[in-house]
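Take a look at the letters that make up each chain.
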Amino acid sequence: METIDRALFVPEGSPYIDSPMPIGFNATISAPHMHATCLELLKDHLQPGMHALDVGSGSGYLTACFAMMVGPEGRAVGVEHVPEIVASAIENVQKSAAAPLMKDGSLSFHVADGRLGFPDAAPYDAIHVGAAAPEIPQPLLDQLKPGGRMVIPVGTYYQDLQVVDKNADGSISIRNDASVRYVPLTSRSAQCQDP
């Protein structure tokens, strides 16, 4: 997080304040403490050479952090269903320390429905979901590598940050890490409607 300057990923305001901030299209960049929490929960699955998926990659900040951790021999993929947000994330990363990783292809952003994951680069050692799902999407479980870990907020009004581990035999273990409040993981049309 010290290597990737959050100021490059926040449209306006105080980039270092510990709170979520709007990035447009009813999307937010999470508070720094949530990014730190997720990176800490996933750090053993973000080692050099590993593959990571960031669902609802938003401004691109956390995806860039993933890319720095997995390095040029790894792969960090961000998916977001609003093309304008993806374009903005690419611009943000091009100004950051992660720019060379995007240039060499080990960091990429794609317009896609994150609830379906991104099968082209699966399986993943680490999956982070930046919006709350009513339940864990099966395609994301399917794309998690045995031995891999997913961090996902689950719930509607009351949400828990769940840590999902896929065991070597393919079975799933889930534990709640914290109560959280995220925007909903939804369709592009639902997200872009005025509240």
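It should be noted that the structure appears before, not after, this text.
Note that the structure is predicted; figures quoted are calculated from it, not measured. (Residues numbered from 1 in each chain as written. Predicted model: local features only at pLDDT ≥ 70, side-chain atom pairs only at ≥ 80, totals over all residues. Heavy atoms only, no water.)

S.K.: Looking at this model, I keep getting lost on the overall build of the protein. Mind explaining?
M.R.: In terms of helices and strands, the protein carries 6 helices and 9 strands. Taking 195 residues into account, the globule formula puts the C-alpha radius of gyration at 16 Å, and the protein, at 15 Å, falls close to it. Along the first, second and third principal axes, the C-alpha atoms of the protein reach 45 × 40 × 30 Å. In the protein, buried positions account for 51% of the 195 residues. Considering only contacts in the protein between residues 6 or more positions apart, those separated by 24 or more positions represent 56%. Carbon and sulfur atoms make up 53% of the accessible area of the protein, which totals about 9000 Å². (Helix = DSSP H or I, 4+ residues; strand = E, 2+ residues; numbered from the N terminus. Rg over C-alpha atoms; globule rule 2.2 N^0.38 Å. Buried < 20%, exposed > 50% of the residue type's maximum accessible area, 1.4 Å probe, protein only. Contact = heavy atoms within 4.5 Å. Areas by Shrake-Rupley, 256 points an atom, 1.4 Å probe, with all protein chains shown as cover.)

S.K.: Which parts of the structure should I look at to understand the nonpolar core?
M.R.: Nonpolar side chains in soluble globular proteins tend to be buried together. Core analysis: the biggest nonpolar cluster contains 39 residues, and Leu46, Phe66, Val93, Leu107 and Leu161 have the highest contact counts within it. Elements supplying a minimum of two residues to this core: strand 1 (21-24), strand 2 (27-29), helix 1 (32-42), helix 2 (61-70), helix 3 (83-94), helix 4 (99-103), strand 5 (107-111) and strand 8 (159-166). Judged by nonpolar contacts, the second largest core, of 21 residues, contains Leu53, Ala112, Leu141 and Val154. (Core = buried A, V, L, I, M, F, W, Y, C linked by side-chain atoms within 4.5 Å.)

S.K.: How do you make sense of the pairing of strand 7 (residues 144-155) when you look at a structure like this?
M.R.: The two faces of a sheet get side chains in turn, since along a regular strand they alternate between them. Within strand 7, 9 of the 12 residues are buried, which leaves the element mostly enclosed by the surrounding structure. Inspection of the sheet shows strand 6 (residues 124-129) paired to strand 7 by 4 bridges, in the parallel sense. Of the residues in strand 7, the one forming a bridge with His128 is Val151. Read as a crossover between parallel neighbours, the route from strand 6 over helix 5 (residues 138-143) to strand 7 is right-handed. (Pairing = 2+ DSSP bridges. Right-handed = clockwise from strand over helix to strand, strands pointing away.)

S.K.: In this structure, what is going on with the packing of aromatic side chains? I would like to understand it.
M.R.: The relation between two aromatic rings is expressed through the spacing of the ring centres and the mutual angle of the planes. Inspection of every chain in the model, using the stated rule, returns 2 aromatic pairs. Here the aromatic rings of Phe9 and Tyr61 are separated by 5.5 Å at their centres, their planes lie at 80°, and the arrangement is edge-to-face. Of this pair, Phe9 sits in the segment before strand 1 while Tyr61 sits in helix 2, and the two are 52 residues apart along the sequence. Here Phe9 matches Tyr61 in class, with each residue buried. Ring geometry for Tyr157 versus Tyr158: centroids 5.0 Å apart, planes at 85°, classification edge-to-face. Take Tyr157 and Tyr158: they sit in the same class, and that class is exposed. (Phe/Tyr/Trp six-rings, centres within 6.5 Å; stacked < 30°, edge-to-face > 60°.)

S.K.: Help me understand the state of the cysteines in this model?
M.R.: Put plainly, two cysteines are in a disulfide when a covalent bond ties their sulfur atoms together. Taken as a whole and assessed by the stated rule, the structure comprises 0 disulfides. Cys38 takes part in no disulfide bond, and the closest cysteine sulfur, belonging to Cys65, lies 11 Å away. For Cys65, a relative accessible area of 3% corresponds to the buried category. (Disulfide = S-S within 2.5 Å.)

S.K.: How do you make sense of unusual backbone geometry when you look at a structure like this?
M.R.: Backbone geometry follows two general trends: most residues other than glycine have a negative phi, and most peptide bonds adopt the trans configuration. In this chain, Ala122 is followed by Pro123 through a cis amide linkage whose omega measures 0°. Inspection of the secondary structure assignment puts Pro123 in the loop between strand 5 and strand 6.

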